[in-house]
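Structure at a glance
This is what each chain is made of:
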Amino acid sequence: MAITILAIESSCDDTSAAVIRDQVLLSNIIANQDVHQKYGGVIPELASRAHQQNIIPVVHRALEVANVGVGEVDAIAFTNGPGLLGSLLVGTSFAKGLSISLNVPLVEVNHLQGHILAHFIQKPGEEPNHPQFPFLCLLVSGGHSQIVVVRGPLEMEIIGQTLDDAAGEAFDKCAKVMGLPYPGGPFIDKLAAEGNPKAFKFAKPQIPELNYSFSGLKTSFLYFLRDRVAENPNFIEENKADLCASIQHTIIAVLMDKFVKATKLTGIREIAVAGGVSANSGLRSTLVEEGKKRKWKVFIPEFGYTTDNAAMIGITGYFKYLNGERTSLDVAPVTRIKM
Ligand code: KG4
Ligand code: ZN
């Protein structure tokens with residue numbers, strides 16, 4: 001019998017609900033929160049308030065688009081962390097309430113596992129096309145940068161990670177000092193297409209093993225701009241595309257350097273990328289090029305599954321449900337959790 005999961009994601013600033021039947025996605029509704037844009041970052045209090053306003057219409061719409069009645073739902077999957085506490089609380093409490101009223105089990109999902117398993121989402125009528133286990137995943141989001149060995153849907157090992165800022169944070173912070181809106185990653189991506197990636201050189205961090213560090217890069221970018229602007233107040237405006245192309249090129253080079261090392265150490269050639277930064281066109285094309293050169297099989301998620309969405313929580317909930325995992329009603333959100 002097919003299993004129908006209603007999934008809820010509210011870890012940061014997107015309220016999302018999805019319906020998934022086995023591995024097939026029936027709906028995936030996302031309400032973005034524009035309220036944060038003028039502040040240059042997510043304001044936690046505003047995020048939880050917007051989640052409260054959005055969650056009922058978003059869940060309602062997800063069921064409507066999927067053409068699924070509440071009586072057909074077998075389980076509620078929800079993001080239990082990591083994320084912002086106030087944001088997570090809205091999704092968790094709502095999921096609990098629904099679980100009680102529909103008398104169906106709850107399945108908690110780790111948001112990061114969700115990003116990785118987004119590769120297993122199937123569209124109606126489409127053939128499955130996902131990496132084979134074990135695969136190596138570069139997980140790059142606004143809060144995390146990790147290299148993960150994925151041995152099974154629920155068997156993952158982090159072999160490298162950032163010691164400070166995440167790759168998405170590096171994009172966003174560099175964008176902010178150039179006066180670009182939040183989140184800056186997509187703006188840098190767009191402007192970089194017109195610029196010269198070799199126009200400016202920024203020192204890459206020297207970090208041991210498979211770990212990353214991006215806070216030094218952000219600081220050196222800031223000081224570089226400060227010095228140039230002191231000489232020419234229009235420096236940023238006159239060089240925006242080259243600045244974007246160069247900083248993007250550096251971030252990608254840093255990511256790829258350790259990732260290539262990880263493929264050599266593990267011998268794994270089945271490759272995937274996940275998380276918000278996997279929407280970056282430079283990173284996508286670099287992975288494809290490197291893949292050709294190094295004989296990797298590369299899996300890049302559809303744009304719609306790169307940034308936060310409930311479809312990825314649904315597919316992870318599905319695997320956990322099949323594995324017999326259930327969550328009790330006294331569960332509390334966890335802002336920082338390991339995989
Ligand atoms: O996965 P995600 O939606 O949220 C977290 O779980 O953190 O990732 C959001 C991050 C932001 O830092 C955003 O700037 C970045 O993903 N991002 C991008 C692009 N699209 C989103 N970074 C670079 N290029 C993009 N096209
Ligand atoms: Zn995310």
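For the structure, see preceding data.
Residues numbered from 1 in each chain as written. Chains lettered and ligands numbered in written order. Predicted model: local features only at pLDDT ≥ 70, side-chain atom pairs only at ≥ 80, totals over all residues.

Turning to the overall build of the protein, a few remarks are in order. Tallying secondary structure elements over the protein gives nine helices and 10 strands in all. In summary, the protein has a C-alpha radius of gyration of 20 Å against a globular reference of 20 Å for 339 residues, a match within 12%. A burial count over the protein gives 45% of its 339 residues as buried. (Helix = DSSP H or I, 4+ residues; strand = E, 2+ residues; numbered from the N terminus. Rg over C-alpha atoms; globule rule 2.2 N^0.38 Å. Buried ≥ 20, exposed ≤ 12 C-beta atoms within 10 Å, placed from the backbone.)

Moving on, we get to the site of ligand 1. Contacts to ligand 1 come from 19 residues, most closely from Gly142, Gly168, Gly185, Gly276 and Asn280. For the shell around ligand 1, a count of residues per class yields six nonpolar, 10 polar and three charged. (Near = placed C-beta within 6 Å. Nonpolar A, V, L, I, M, F, W, Y, C, P; charged D, E, K, R; others polar.)

Turning our attention to the sheet that holds strand S8 (residues 155–161). The five strands are arranged S8-S7-S6-S9-S10 in an open sheet whose pairing can be described as mixed. Each end of this open sheet is capped by a strand with a single partner; those strands are S8 and strand S10 (297–299). Averaged over all pairs of adjacent strands, the angle between strand axes in this sheet comes to 25 degrees, irrespective of strand direction. Where strand S9 (residues 270–274) lies against S10, three bridges are found, and the strand directions are parallel. Each bridged residue has a counterpart across the sheet, and for Ala272 the counterpart in S10 is Phe299. Relative to S9, helix H8 (residues 281–294) is tilted by about 175 degrees, and along the sheet it contacts S9 and S10. (Pairing = 2+ DSSP bridges. Axes fitted to C-alpha atoms, helices over the stretch in contact; angles between N-to-C directions. Contact = placed C-beta atoms within 7 Å.)

Before going further, it helps to examine the pairing of strand S2 (residues 14–21). Across the eight residues of S2, seven count as buried, placing the element largely inside the fold. Here six bridges tie strand S1 (residues 4–9) to S2, and the two strands are oriented antiparallel to one another. Of the residues in S2, the one forming a bridge with Glu9 is Ser16. Between S1 and S2, which follow one another and run antiparallel, lie four residues. Bridge count for S2 against strand S3 (residues 24–32) is eight bridges, and the pairing is antiparallel.

Geometric descriptors of this kind do not, in isolation, establish any biological role.
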